[in-house]
Amino acid sequence: MKFADSVCIGEAEELWETILEDVANDQLKERYFNSKPTDMSKAPMPNWRLLVSSNYLYTNTVLTSRGCPFKCDFCYNSCEYVHKVFRNKSMDNVIKEIQELPTRQVMFIEDNFIGNVPWTKEFISRIRPMGLKWHAAVSVNLVNYPDLIEEMRDSGCQSLLASRRSTKNPFKAFIRHRITLKDTKN
Ligand code: SF4
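As a starting point, this report considers the structure included with it. Worth saying up front: this structure is predicted, and the values here are computed from it rather than measured.

## A short note on the packing of helix α3 (residues 117-127) against helix α4 (residues 146-154)
Relative placement of two packed helices is described by the angle separating their axes and the distance separating the axes. Orientation of α3 relative to α4, taken along the N-to-C sense of each, is 30 degrees, at an axis distance of 10 Å. Considered as vectors, α3 and α4 are oriented roughly parallel to each other. Viewed along their axes, α3 and α4 form a crossing whose handedness is left-handed. Side by side, α3 and α4 meet where Val117, Thr120, Lys121 and Ile124 of the first sit next to Leu148, Glu151 and Met152 of the second. When the residues that make up the contact of α3 with α4 are grouped by side-chain class, the tally is 4 nonpolar, 1 polar and 2 charged.

Set out below in structure tokens:
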């Protein structure tokens, strides 16, 4: 390879130990790829205390999931190497992760915070007593769940990031957004 000694494509958690062992044994391979989706319920919690917060714009980013039930063509979720399955992390671990943050301001910065609506509802009910101010990225089908929107507000939601392609977009023939009007029926 021209610009790197080795590349890990896609999800790395379950390969990381192997990669480190290969480095230690001077047997680093050019390419690593985990052919199966990582079991996010077993994903280790990040150790936020190791971060030098002054080196980062944000250190209050938390993921509750990986993937997205939609596979819009322009999004990396439609790439070949991305496993096509939405998974949530362990809810208990996510709560612990939030408790260890030095702030009550949290950004859920995954692809789609509402990829599994029943999970999200339960999660919101659990973080509600924590007095957080939180922000999240969601898919626009959230408009189909007005009760969820109210629960989000009541649990400290300050802002949501979502996008929907315009039907007048001249690139629509190339960029196939897999969220359709049916998904935003309200
Ligand atoms: S809804 Fe958003 S995150 Fe999901 S596939 Fe489409 S662009 Fe990607």
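## With respect to unusual backbone geometry
With the exception of glycine, the majority of residues adopt a negative phi angle, and the majority of peptide bonds are in the trans configuration. Positioned with a positive phi, Asp26 is a non-glycine residue whose angle comes to about 55 degrees. Its place among the elements puts Asp26 in the loop between α1 (16-24) and β2 (31-33). What makes Asp26 exposed here is the crowd of 6 C-beta atoms within 10 Å.

## Let's talk about the site of the ligand
Among the 11 residues in the neighbourhood of the ligand, the closest are listed as Cys68, Phe70, Cys72, Cys75 and Asp111. Looking at the shell around the ligand residue by residue, the classes come out as 5 nonpolar, 3 polar and 3 charged.

## Focus on the pairing of strand β8 (residues 157-161)
The side chains of a regular strand alternate between the sheet's two faces. Pairing geometry for strand β7 (residues 133-137) and β8, over 4 bridges, is parallel. Looking at β8, one finds that Ala136 is bridged to Leu160. Tracing the backbone out of β7, into α4 and back to the parallel element β8 gives a crossover that is right-handed.

## Quick word on the sheet that holds β8
Pairing is parallel in the open sheet, where 4 strands are placed in the order β3-β6-β7-β8. Because the sheet does not close on itself, it has two edges, and the strands there are β3 (61-62) and β8. Two strands pair when backbone bridges link them, and β3 and strand β6 (residues 105-108) are joined in this way by 2 bridges, in the parallel orientation. Bridging across to β6, Val62 finds its partner in Phe108.

Quick notes on the rules
Residues numbered from 1 in each chain as written. Predicted model: local features only at pLDDT ≥ 70, side-chain atom pairs only at ≥ 80, totals over all residues. Axes fitted to C-alpha atoms, helices over the stretch in contact; angles between N-to-C directions. Helix = DSSP H or I, 4+ residues; strand = E, 2+ residues; numbered from the N terminus. Parallel < 35°, antiparallel > 145°, perpendicular 65-115°, else oblique. Left-handed = near helix turned anticlockwise from the far one by under 90°. Contact = placed C-beta atoms within 7 Å. Nonpolar A, V, L, I, M, F, W, Y, C, P; charged D, E, K, R; others polar. Buried ≥ 20, exposed ≤ 12 C-beta atoms within 10 Å, placed from the backbone. Near = placed C-beta within 6 Å. Pairing = 2+ DSSP bridges. Right-handed = clockwise from strand over helix to strand, strands pointing away.

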